[in-house]
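Listed below, chain by chain, are the residues.
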Amino acid sequence: MTQLTFKRHRRLRQTAVLRKMVQETHLHKEDFIYPIFVQDGENIKNEVSSMPGVFQFSIDRLGEEMDEVVALGIPAVILFGLPAEKDETGSQAYHDHGIVQEATRFIKKNYPNVLVIADTCLCEFTSHGHCGVVSADEKILNDPSLDLLAKTAVSQAEAGADIIAPSNMMDGFVAAIREGLDAAGFEDVPIMSYAVKYASAYYGPFRDAADGAPQFGDRKTYQMDPANRMEAMREATSDIEEGADFLIVKPALAYLDIVRDVRNNYDVPVVAYNVSGEYAMVKAAALNGWIDEKQVVLETLLGMKRAGADLIITYHAKDAIRFMEGK
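Predicted model only: the values in this text are computed from it and were never measured.

The secondary structure content of the chain amounts to eleven helices and twelve strands. For 327 residues, the compact-globule estimate of 2.2 N^0.38 gives 20 Å, and the chain sits close to it at 21 Å. If you line up the chain on its principal axes, its C-alpha atoms span 85 × 45 × 40 Å. Each of the 327 residues in the chain was classed as buried or not, and the buried ones make up 54%. Considering only intrachain contacts with a sequence separation of at least 6, the fraction spanning at least 24 residues in the chain is 74%.

Set out below in structure tokens:
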């Protein structure tokens, strides 16, 4: 028989130890940022119906969640707030004693080694559910919104937030927030910009969790068209030029090509947001016994790391660490 000449790639797959030795991409608990929903009120721990295992917490019960976060070694949380009252301008977003500000103070006092990232937007606090100021004819006004977003960022920094994460997608939002933070003496507080945020159907369960669905229209005039790739580079470039320290791509799973583009073009840390709909689909399939949850979760998160993400915002963080550690 003639000796065939070909590459034997399977040589490096023969045993589990060998496969581990040559593994190119790795997950670490330090990669994860865990989202937490905080709500005005007392004795609240409400499970989000469309996100099994995810809860809304009042501050008096937030310690239950934070104890688990610390025990698992999750290094950072990102806070989303549900206020008791909403108005046209989302004033509770920038109130000194707003729900995100008070939750930040609670965490920094009781869990000082956990990084607190404050989501900086108005949609959870406005009566109309949009991420900016709305005109009488229902247009989202860009420039008037910037002043409120800067006020929100400063109030969050004053409360002790380690990182400001603006998610509103108004033009110039990073510049306005950077200027506001610097003027208030917070030059060292970094901005983790939602630089590339698509108008996605994957956000549905989040709107249940944060009570932030728009009351009219949609967000397509400020969030990106899912069909567009080059536009993402323009958005990311603007944010870098305006002073962003991190770049977020949101959602992650259907946009891994964008994660790789951002990684290849910019030298700041890249964050993939593994959003609510992505989480909910996995949970629903797992609860029905259709998939192996452990394997699917880890494979999904590995895919985001392989695409170029340095960090991952994910509701799977607690489960993923348990899976990784065999718990």
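Taken together, the side chains of Leu12, Val17, Met21 and Val22 present a nonpolar region at the surface, about 420 Å² in accessible area. Positionally, methionine 21 belongs in helix H1 (residues 16-21).

A few words on the UniProt feature "binding site: Zn(2+)" (unreviewed entry) in the chain. Those residues carrying the UniProt feature "binding site: Zn(2+)" (unreviewed entry) are Cys121, Cys123 and Cys131 in this numbering. Take cysteine 131: its relative accessible area is 0%, and that puts it in the buried class.

In this section: the nonpolar core. In terms of nonpolar packing, the biggest core is built from 81 residues, with Met66, Val77, Leu181, Val196 and Val262 touching the most fellow members. Examining the composition of this core, we find that six residues originate from one element, helix H4 (residues 142-159), more than from any other. Apart from the residues within four sequence positions on either side, valine 196 is in contact with Met224, Ala232, Ala236, Ile248, Val249, Lys250, Ile258 and Val262. Grouped together as the second largest cluster of nonpolar side chains are 26 residues, Ile163, Ala209, Ile313 and Tyr315 included.

Our focus in this paragraph is the pairing of strand E8 (residues 163-166). Residues Ile163 and Ala165 of E8 are buried on one face, and the alternating residues Ile164 and Pro166, pointing to the opposite face, are buried as well. Pairing of strand E5 (residues 115-120) with E8 involves four bridges; the strand directions are parallel. Across the sheet, residue aspartate 119 finds its bridge partner in E8, namely alanine 165.

A separate point is empty space enclosed by the protein. A full pass over the atoms with the stated rule returns two cavities of 30 Å³ or more. Estimated volume of the second largest cavity: approximately 40 Å³. Tyr203, Phe206, Lys250, Tyr273, Val275, Ser276 and Tyr315 are the residues that line the second largest cavity. In terms of residue class, the lining of the second largest cavity is made up of five nonpolar, one polar and one charged.

Here the UniProt feature "binding site: 5-aminolevulinate 2" (unreviewed entry) sits at Ser276 and Tyr315. These annotated residues cover 40 residues of sequence, and their C-alpha atoms lie no more than 7.4 Å from one another, placing them together at a single site. Lining residues of the second largest cavity drawn from the annotated set just named are Ser276 and Tyr315. Among the structural elements, serine 276 can be located in helix H9 (residues 276-287). For serine 276, a relative accessible area of 1% corresponds to the buried category. If we ignore the near neighbours within four places in the chain, the residues touching serine 276 are Met51, Tyr202, Tyr203, Gly204, Pro205, Phe206 and Tyr315. At 3.4 Å, the side chain of serine 276 and the backbone oxygen of tyrosine 202 are in polar contact. Tracing the backbone through its elements, the reader meets tyrosine 315 in the loop between strand E12 (311-314) and helix H11 (317-324). Take tyrosine 315: its relative accessible area is 3%, and that puts it in the buried class.

So, about unusual backbone geometry. Omega for the bond connecting lysine 250 with proline 251 falls within 30 degrees of zero, at -10°, which places this linkage in the cis form. In this structure, proline 251 sits in the loop between strand E10 (246-250) and helix H8 (256-265). Despite not being glycine, asparagine 43 shows a phi value in the positive range, around 55°. Along the polypeptide, asparagine 43 turns up in the loop between strand E1 (32-39) and strand E2 (45-47). Its relative accessible area of 55% is what places asparagine 43 among the exposed residues. A positive phi angle is found at methionine 169, which is not glycine, with a value near 65°. As for its position among the elements, methionine 169 is in the loop between E8 and helix H5 (173-183).

Their axes nearest at 8 Å, the elements H4 and H5 cross at an angle of 45°. Comparing their axes, H5 and H4 come out oblique. For H4 against H5, the interelement crossing comes out right-handed. Contacts between H4 and H5 involve Leu146, Leu149, Ala150, Ala153, Val154 and Ala157 from the first element and Phe173, Ala176, Ile177, Gly180 and Leu181 from the second. Class assignment for the residues of the contact of H4 with H5 results in ten nonpolar, one polar and no charged.

Moving on, we come to the environment of methionine 192. For methionine 192, the position within the fold is in strand E9 (residues 192-197). It is 4.4 Å that separates the C-alpha atoms of methionine 192 and phenylalanine 246, two residues lying 54 residues apart in sequence. Aside from chain neighbours lying at most four places away, what touches methionine 192 is Ile33, Ile117, Ile163, Ile164, Ala165, Pro166, Phe246, Ile248, Val271 and Leu311.

Reading guide: rules and limits
- Residues numbered from 1 in each chain as written.
- Predicted model: local features only at pLDDT ≥ 70, side-chain atom pairs only at ≥ 80, totals over all residues.
- Heavy atoms only, no water.
- Helix = DSSP H or I, 4+ residues; strand = E, 2+ residues; numbered from the N terminus.
- Rg over C-alpha atoms; globule rule 2.2 N^0.38 Å.
- Buried < 20%, exposed > 50% of the residue type's maximum accessible area, 1.4 Å probe, protein only.
- Contact = heavy atoms within 4.5 Å.
- Patch = residues over 30% accessible without salt bridge, like charges linked within 9 Å, V, L, I, M, F, W, Y side chains within 5 Å.
- Areas by Shrake-Rupley, 256 points an atom, 1.4 Å probe, with all protein chains shown as cover.
- Salt bridge = Lys/Arg side-chain N within 4 Å of Asp/Glu carboxyl O.
- UniProt positions renumbered as here; feature names shortened; annotations may be inferred.
- Core = buried A, V, L, I, M, F, W, Y, C linked by side-chain atoms within 4.5 Å.
- Pairing = 2+ DSSP bridges.
- 1 Å grid on protein atoms, 1.4 Å probe; cavity = no way out; pocket = protein on both sides within 12 Å on 5 of 7 lines; lining within 4 Å.
- Points joined across faces, edges and corners; volume = space filled by probe spheres on them.
- Nonpolar A, V, L, I, M, F, W, Y, C, P; charged D, E, K, R; others polar.
- Polar contact = N/O pair within 3.5 Å; in protein donor to acceptor, adjacent residues only side chain to side chain.
- Axes fitted to C-alpha atoms, helices over the stretch in contact; angles between N-to-C directions.
- Parallel < 35°, antiparallel > 145°, perpendicular 65-115°, else oblique.
- Left-handed = near helix turned anticlockwise from the far one by under 90°.

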